[in-house]
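Working through the structure, step by step
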Amino acid sequence: MTNKTLDELSLAQRAELEKELGEAYDFDPKDPMFGLSKDELSGPDMSRRAVLRLMAAGGTLTAMNMLPLAAGFGDVQAASGGVLTCGWSGVGQIVTLDPARIDQVVQFQITSNVLSGLMHINPDLVGEGDLTESWEVNGDGTEYLFTLRKGVTFHNGDKFDADDVLFTYNRSKDSTKSIHSRVLNNVNSVEKVNDLQVRFKLAKPQASFLTKTLERSSGRAMTIVSRNALEKMGTAQFGLTPVGTGPFKIVEHQLGQGVVMEKFENYYDPSRPKLDKVIIKPISDPEPLAAAMESGDIQLIGGNPLAPELIDRFTANPDMVVNEVTGPGFQSIWINPWHEHMKVADFNKPVSELMKEKGFMVRLAFAKAMDRERYLKLAQFGHGTPAFGTINPAMGFYYDKGLEKTSTQTFDVKEAQRLMAEAGYPGGKGFPELRLATTPSGRRESTVVADILRKNLGVKIQVEAKEWSVNVEEFDSMRWDLRRSGSGGDFDPDDAIVDWMQTESKFNGRKRDKSKMPFGYFSDREADDLISQQSTEADPVKRKALVQKANKITSDKVASIFLFHPADILVYHKRVNFPKQSRIPGLVDLDRVTMS
Amino acid sequence: MYQYLIRRTFGALVVMFAVATLVFIMLRLVPGDPIAAMLYDVGDPAAIEEIRRNLGLDRPIYVQYGIWLGNALQGDFGNSIYGSRVEVSRLLLEALPRTLSIASISFVVAIVIAIPAGLIAATRRNTGADYAVTLIAFIGLSMPDFWLAILLIIVFAANLHWLPAIGYVPLSEGFWPWFSHLILPSIAVGTAFSAIVARMIRSSMLEVLNMDYMRVARSKGLSEMTLVWSHAFPNALIPVVTVIGIAFALLMSGAVVVENVFAIKGLGRLLIQGILNRDYPVVQGAILVVSAIFVFSNLLVDVLYSFIDPRIRYGS
C-alpha cells in the first residue's frame, strides 16, 4: 500500500491544504513575531496554526508535512512489550551517535530515539516541549526563556538541568568539537537563570529557531548531551553509546554488528516507549537485507534509501507494509564545463546566446536526450519523480511542477540530435568517449544513463566507479567528464540551491585550479543574486518567486542534467504497528511502535 | 628445534614489520582524502584542516610513521579516524572472535568433507565414485562464495526459516544461537576450501599409492584399511598440510564477501571498510594482525611437518 501524494488528494482535502497554506503565509514579513501573539509563540505547546506559520516564515514548511497520513498505518494499539529488530539499509556500520559529529540520516534516525531536544514538532504539526515544560518569547522575538521539564533524568541516572543545556550549547558552538556550530550563529548567548530555566538571546528574530534549531529530530546542535557522561566516558565511547534522556537507552553498540536499545524506564512520559527492546543491524547489501526481512530476522527497514529493486518485491509480499512518499532530494548528471568538447567558459549570457556555442549545444543535447521516464523505469524500477531542477516536490510551496514542460531540458530526442549535429558531431561521430564518474553502488544506474545517451546520441560513455574518498577528491578538483550524484534531506530551498547552484557553493569545485577554471561546474551571476536574496527574504511569496526564477535559470542553462527526485520508502512487517504520529519522512521514531 | 623456532619467530617479526611499513606508505600514496570525504557534507575547509591537524595527518609521512611505529611497539595501534574514534585494538578484538568462529567451523566442515572424499577418489580411481567426487569438487571450486551464500540464505532462511539469515551472536549468549548463525556462512566459505583439499588429498594419495613400498606392503597381505591409514595417508599428508595451512590463514584473514553478505563484522570486513574509508590506523592494525596470522600459520605448518614425518628435523 502507498501513501497519498498531493495529486491523489480528494478535492476537499486539497482545499483544506490550500487554506492552511494560505493562512500560514498570511503575515507581514517585517513582523518579528511573524503575525503571532506572544501567547501563541509561548509554551507549553504551540497550536498547529502557529507551527505552520513559523515553518512558513522559516522556509521549512512543505506540503508533504501537511499531508494527511494514509490509512494502513497501525492504528491498532497492541499490548506493550516485545523486541523489534530493524535492518539499517545500505550501511556497514554506524560510525558515531555523538550529535556533535553525526551527519548522516542513518545516525540521527537512531539518536532521535535516544537523545532529546528542547522542542518537538509532532506529525500533526503541533509544537510541544520535549525537555521543556513551557517557554516565553519577548516582544521582539529575540529572547526565549525556557522552563525545563522537572524530574527528567539521563539514562545513567544523572538529573537533567540547565547546566546540561549550557554545556550542550558551549560544546556545539565550538567548531573543533562540533560540526554543527554554524547552526547556532544567530544565538548570541545562553544564560542559566536557575536550575530549571535558561534564556536564549538571538541576534535577530529567527522563525526556524523553535521548529528547527531546537527541535529534537532536526536540530543536532542543541540535542542535549550529559556533561557527566561525556566526561566519564570520553568522546569515543560516548559516540558509540551516547547517554541521553530519550525513550530508549543504548545498552550495546559494536561497530559493524549493531546497536541494542532498551526501554528507558524513567522516561518522562511513562506511556512511552512501548517496546522493550530494539535491535538495529547495519546490512549493506540489498539481497541479504531482503532475505532477512523475508525470513523474519528483521521486521523493519530503516537507514539509507532502500534499493529500488526491492520495493516491488516487498509490495508483492502480503506480510509486508510498504509506505512510499516523495523524498526530499535530487540526483543529477554533472557536466564538466571545462571539457574541451563541452566547454562553456561563461554562463552569464541569455540562453539564446549560449545556444550559439558548441559546448553549450552539446550540454543541452545531453540534457534533452535524457529520457527520464525510461531512466526511472530501468534504474529505479519506476520509483521516483523526473527532475528538472534542485527544488523537489517535497518542498511543496516552492516546487514548480510546470518546469518539466517549460525547461530547455524537456526530453526531445530529435532536437537533441539536431544540436549534436550542429555542434559538429552528427550521430555522435567524432565525439570523444566520456567517463561517467560514480561510486560502486551507483554503477548500475550510471550504466542506464550511459546506455540512454548512447542510444539517443551515439556518444560513448564509460562508467567509472571509484570509492567515495577518491570520487569526492576528483569531484572537488574538477577531474572528471561527467559525474552522477545529488543530494538528500532537502526540505528547504537553502538545502538545495544554496549548497549546489551558487558559484561559491560548497560542492562547486572548491579544490579546482582556479588559474585554469574560474568557476567549478556552474556559475551564473543572476542565479547567484537570486539565490542570495531568497535566503534572506522573509516574505514567503516573494521568496517563492525568487526560488523558482533561480531554479529555472539553473535548469535552462543546464547547470546539470537533472535526473530525478528519489522516493522515501518505509517497509515493515505487518506485525509491527507503526502509528501515524511516528511517520515522519526521513526518520524512524520508535517510541510509539508496538508489535502484535 | 627451539633454535629453529626462535629464528623463525624473528623472521616472522621482520616480515610483519616490512609488510606494515609497505602498507603504511602505500595507503598514503593512493588517491582519496579521508577527512575531506568524511566531512564532505559539512563543506567547511577550515573544519577539515582543523581535524587533519588534530589527527596529525598534516605532518610529513616519515613523522607519522615514526609516531605510529613507536606506539605500535607498545601495543597502541591508535584510534579510528572515523566517527567515534574507537581504539583500533578494540575493533580488532571485536572482529577476531567472529572471524575465528567462521574460520574454525568452515575448517571443520571442509576437513570432514574433504578427507573421506579425497580418499575415496584416490582409492577408487577411474570409477564412478572418483568421477562423482571430482565433479562435485569442480562445482564447489567454480561456485563464487557470495553466490552460494545468497543461495543458502534464500533457501534455508527466507524460505524454509530453518536458520537465521544474517548476523552473529557471541558464544557467551549460548551455543546454539552462536552456532546457528555460523552454519550458513561456514558452508559458503568451507565449500571451496573442501574442494581444494579433497583434490589435493586425491593427487597426493595417488602419488603415494604408486610407490614401491606400497606395493611391498600390499604384497605382504596388509588390509586395504591398514594400507591407506597407516602407510599411504600419513605420507600423503605433507603437501596437504601445506595447503590446509595456507587456506586456514586465508580463512582467518577474513572471508570478506561472505562476511558482508551475512552482515558479520569480522577481520576481513573491518579491513576492507578501512581501506575504502582510508581509515589509516584501522588498516595498519588489521594488516599487522593478518600478516601475523599468515607467518605464524606457516610456522605452525612447518612444525607440524616434523610430527607427521619423523625424517624431518629442524636444528642448527
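Residues numbered from 1 in each chain as written. Chains lettered and ligands numbered in written order. Predicted model: local features only at pLDDT ≥ 70, side-chain atom pairs only at ≥ 80, totals over all residues.

1. A few points about the overall build of chain B
- Broken down by element type, chain B carries 13 helices and zero strands.
- When the helices and strands of chain B are read in sequence order from the N terminus, they spell out α-α-α-α-α-α-α-α-α-α-α-α-α.
- When the backbone C-alpha atoms are referred to their principal axes, chain B occupies close to 85 × 60 × 35 Å.
- Counting across all 316 residues of chain B, residues that qualify as buried make up 40%.
- If you take every contact in chain B between residues at least 6 apart in sequence, the share linking residues at least 24 apart comes to 71%. (Helix = DSSP H or I, 4+ residues; strand = E, 2+ residues; numbered from the N terminus. Buried ≥ 20, exposed ≤ 12 C-beta atoms within 10 Å, placed from the backbone. Contact = placed C-beta atoms within 7 Å.)

2. Focus on the interface of chain B and chain A
- At the interface, 44 residues of chain B touch 41 residues of chain A.
- Every element with two or more residues in the side of chain B that touches chain A is listed here: α2 (34–38), α3 (45–54), α5 (88–123), α7 (145–159), α11 (256–261) and α12 (267–277) of chain B.
- For the side of chain B that touches chain A, the per-class residue count stands at 26 nonpolar, ten polar and eight charged. (Nonpolar A, V, L, I, M, F, W, Y, C, P; charged D, E, K, R; others polar.)

3. Comments concerning the pairing of strand β13 (residues 320–326) of chain A
All names here are of chain A.
- Burial of β13 is extensive: five of the seven residues sit out of reach of the surface.
- By the bridge criterion, seven bridges tie β13 to strand β20 (residues 567–573) in an arrangement that is antiparallel. Looking at the pairing, E324 lines up with I569 of β20. (Pairing = 2+ DSSP bridges.)

4. Comments concerning the packing of α12 of chain B against helix α13 (residues 280–308) of chain B
Residues and elements named next belong to chain B.
- Between α12 and α13, whose axes approach to 8 Å, the crossing angle comes to 145°. Seen along the crossing, α12 lies across α13 with a hand that is left-handed. Residues L267, L270, L271, G274 and I275 of α12 touch α13, and the partners they reach there are V282, V283, A286, V289 and V290.
- Per-class residue counts for the contact of α12 with α13 are nine nonpolar, one polar and no charged. (Axes fitted to C-alpha atoms, helices over the stretch in contact; angles between N-to-C directions. Left-handed = near helix turned anticlockwise from the far one by under 90°.)

5. Concerning helix α16 (residues 443–457) of chain A
Residues and elements named next belong to chain A.
- Its 15 residues place the ends of α16 21 Å apart at the C-alpha level, agreeing with the 21 Å of an ideal helix rising 1.5 Å per residue.
- Of the residues making up α16, those classed as buried are E445, S446, V449, A450, I452, L453, N456 and L457. In an axial view of α16, the angular spread of the buried residues amounts to 160°, which keeps them on one side of the axis.
- Of the residues one or two after α16, G458 is the one with positive phi, at around 80°. (Expected span 1.5 Å × (residues − 1). Arc of directions from axis to C-beta.)

6. What about the nonpolar core?
- Membership of the largest hydrophobic core comes to 247 residues, with the highest contact counts inside it found for A365 of chain A together with I201 of chain B.
- Excluding residues that lie within four positions of it along the chain, I201 of chain B makes contacts with A114, I115, G118, L119, A122, A236 and V240 of chain B. (Core = buried A, V, L, I, M, F, W, Y, C linked by C-beta atoms within 7 Å.)

7. Description of the sheet that holds strand β8 (residues 197–202) of chain A
All names here are of chain A.
- The strand order across the open sheet built from four strands is β5-β6-β8-β7, with neighbouring strands paired in antiparallel fashion. The open sheet has two free edges, formed respectively by β5 (132–137) and β7 (187–194), since each of these has just one partner strand. The average undirected angle you get between the axes of adjacent strands in this sheet is 20°.
- Of the strands in this sheet, β6 (143–148), β7 and β8 are in contact with helix α6 (residues 162–173), which crosses β7 at around 165°.

8. Focus: the confidence of the model for chain A
- Put simply, chain A has an average pLDDT of 88, and 93% of its residues get 70 or more.
- pLDDT under 50 marks residues 69–76 of chain A. Its contacts with residues more than four places away, or in other chains, come to 19 contacts. (pLDDT = per-residue confidence, 0-100.)

9. Re the packing of helix α12 (residues 358–369) of chain A against helix α15 (residues 413–422) of chain A
Residues and elements named next belong to chain A.
- Packing of α12 against α15 leaves a shortest axis separation of 8 Å and a crossing angle of 160°. Taken together, α12 and α15 sit at an angle that is classed as roughly antiparallel. Pair α12 / α15 crosses with left-handed handedness. From α12, M361, V362, L364, A365, K368 and A369 reach across to α15, where they touch V413, E415, A416, L419, M420 and E422.
- Each residue belonging to the contact of α12 with α15 can be placed in one class, and the counts come to nine nonpolar, no polar and three charged. (Parallel < 35°, antiparallel > 145°, perpendicular 65-115°, else oblique.)

10. Examining the environment of P282 of chain A
Residues and elements named next belong to chain A.
- As for its position among the elements, P282 is in strand β11 (residues 277–283).
- You can call P282 buried: it has 24 C-beta atoms within 10 Å.
- Separated by 20 residues in the primary sequence, P282 and E262 have C-alpha atoms spaced 18 Å apart.

11. A closer look at helix α20 (residues 540–556) of chain A
- For α20 of chain A, built from 17 residues, the straight-helix expectation of 24 Å at 1.5 Å per residue is met to within 8% by its first-to-last C-alpha distance of 24 Å.
- Where α20 of chain A terminates, the next one or two residues include V558 of chain A, which has phi positive at roughly 55°.

12. Some thoughts on the confidence of the model for chain B
- Predicted confidence across chain B gives a mean pLDDT of 87, with 97% of residues reaching 70 or more.
- This prediction of the complex comes with two scores: 0.81 for pTM and 0.79 for ipTM.

13. Describing unusual backbone geometry
- The omega torsion of the bond from R272 of chain A to P273 of chain A falls at -5°, within 30 degrees of zero and hence cis.
- Mapped onto the fold, P273 of chain A is located in the loop between β10 (258–263) and β11.
- Look at A263 of chain B: it is not a glycine, yet its phi comes out positive at around 55°.
- Tracing the backbone shows A263 of chain B in the loop between α11 and α12.

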